[in-house]
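Observations on the model geometry
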Amino acid sequence: MNGKTPKVIWITGASSGLGRSLALQLANQGNRVIASARNQAELEKLAAQNTNIVALPCDITDEEAMQSLSSRIEEISPALDQVILNAGNCEYLDFPDPDWSAVRRVMEVNFFGTLNCVKLALPLLKKSNSDRPHVVAVVSQVTAAPFPRAEAYGASKAAMRYFFDSLRMDLAADDIDVTVVNPGFVDTPLTRKNDFPMPFLMQVDEAAERIVKNIAARPRQYSFPLRLSALLSLSKILPGVWQKMVAADAAMPAKDSGEGVSK
Ligand SMILES: NC(=O)c1ccc[n+]([C@@H]2O[C@H](COP(=O)([O-])OP(=O)(O)OC[C@H]3O[C@@H](n4cnc5c(N)ncnc54)[C@H](OP(=O)(O)O)[C@@H]3O)[C@@H](O)[C@H]2O)c1
């Protein structure tokens, strides 16, 4: 225990990557963690690692099933103190003949799936006994700059970012805080399929540790690592240079491109 009052925290996308590491770190601090994703077997393995974790499988895109999830959460706890909306998916468009339906699929998970979670979580957050319940949305630094082939993923994350920045204003009267977390590149199953250079790639446990530490102060935004934020700011100052730079990167095999590269 870290001396703080334990919270009841619902984390989506907890079967792998960032969500899994966040669940373990927050449970290790003594919090009660409700861990969701579709892969029940992985959630049960996670719950077996710490008795503070309860597995609650769900598909966040299944609007009807999500409505009934609320009563399943209430069987575990009558209220939520924090939600970490982390579940997400990424598909790229391959030009000149992209699969346009990927845009809808990615929006379904990242934006509309997350919206289903918000609808479910808000009444439970309002019942919290903590001073200020907390909504944390895992967005991405992709919203800071355009990347080739990232039309679907980038648009879904930009939509999330606006949604949560706006929601923060509407929840202020209920004393509910909203933090948007924007990770850079983190080594997870989601990025392992990338075949382009990923500058400043971080290990998943280190990234989750940074998130846990920094969301405690409830900033509006938390973007990391800062050196990636600095690099991406180039796209605003010199958009033409940025475009040439990412085009050259895209043409370069990942194994030849230096720091932070994984296949
Ligand atoms: N890795 C990075 O570099 C990076 C950078 C910026 C932002 N992010 C964001 O961080 C979040 C976590 O990603 P990650 O990198 O940790 O990838 P990951 O290991 O692939 O994790 C994605 C999680 O989302 C869950 N998920 C996907 N579709 C779902 C659905 N329909 N219903 C419920 N759960 C679903 C997956 O579980 P199931 O398959 O079991 O459902 C999995 O637990 C994502 O929102 C991602 O966009 C990642």
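Residues numbered from 1 in each chain as written. Predicted model: local features only at pLDDT ≥ 70, side-chain atom pairs only at ≥ 80, totals over all residues. Heavy atoms only, no water.

Things to note about the site of the ligand
Here is the rule we go by: Nearness is judged by heavy atoms alone; a residue qualifies as near a molecule or strand once a single heavy atom is within 4 Å of it. Contacts described as polar in this section are N or O atom pairs within 3.5 Å, which, within protein, must combine one atom able to donate a hydrogen with one able to accept it, while residues neighboring in sequence count only if both atoms come from side chains. Only the protein chains shown count as cover for residues, and all accessible areas are computed by the Shrake-Rupley method using a 1.4 Å probe. Put simply, DSSP marks the helices as runs of H or I at least four residues long and the strands as runs of E at least two long, and each gets a number from the N terminus on. Residues are grouped as follows: nonpolar covers Ala, Val, Leu, Ile, Met, Phe, Trp, Tyr, Cys and Pro; charged covers Asp, Glu, Lys and Arg; every other residue, Gly included, is treated as polar.
Surveying the vicinity of the ligand reveals 30 residues, the closest of which are Ser 16, Arg 38, Tyr 153, Val 186 and Thr 188. Contact between the ligand and Ser 16: an oxygen atom at 2.6 Å from a side-chain N or O atom of the residue. A distance of 2.7 Å is found between an oxygen atom of the ligand and a backbone nitrogen or oxygen belonging to Val 186. In the complex, the protein chains occlude 92% of the 870 Å² of accessible area that the ligand would expose alone. Put simply, the parts of the chain that give the shell around the ligand at least two residues each are helix H1 (17–28), helix H5 (151–171) and helix H6 (189–192). Looking at the shell around the ligand residue by residue, the class counts come to 15 nonpolar, 12 polar and three charged.

Some words on the confidence of the model for the protein
Interpretation of this model should avoid reading the predicted coordinates in detail wherever pLDDT is low. What counts here: By definition, pLDDT measures how confident the predictor is in each residue, and it falls between 0 and 100. Residue contacts are defined here by distance: any two heavy atoms, one from each residue, within 4.5 Å place the two residues in contact.
Of all residues in the protein, 94% have pLDDT values of 70 or greater, and the mean over the chain is 93. Across residues 255–263, where pLDDT falls below 50, the model places 22 contacts with residues more than four positions away in sequence or in other chains.

Topic: unusual backbone geometry
The omega angle of the peptide bond from Phe 95 to Pro 96 is 15°, so this bond is cis rather than trans. Relative to the helices and strands, Pro 96 resides in the loop between strand E4 (82–85) and helix H4 (101–126). A cis geometry characterises the amide bond from Phe 224 onward to Pro 225, with omega recorded as -10°. On the secondary structure map, Pro 225 appears in the loop between strand E7 (221–224) and helix H8 (226–232). Positive phi, normally seen in glycine, also occurs at Asp 175, with a value near 60°.

Focus: helix H2 (residues 40–49)
The test is simple: Here's how the labels work: a residue is buried when its accessible area is under 20% of the maximum for its type, exposed when over 50%, partly exposed in between, all with a 1.4 Å probe on protein chains only. An arc is given here, and it is the one of the directions from the helix axis to the C-beta atoms.
All buried positions along H2 are accounted for by Leu 43, Leu 46 and Ala 47. Buried residues in H2, looked at end-on, bunch into an arc of 100°, giving them a common side. In H2, the exposed positions angled more than 90 degrees off the buried face are occupied by Lys 45 and Ala 48. For H2, the secondary structure elements touched by its buried residues are H1, strand E2 (32–36) and strand E3 (53–55). The opening residue of H2 is Asn 39, an N-cap whose side-chain oxygen sits 3.2 Å from the backbone nitrogen of Ala 41.

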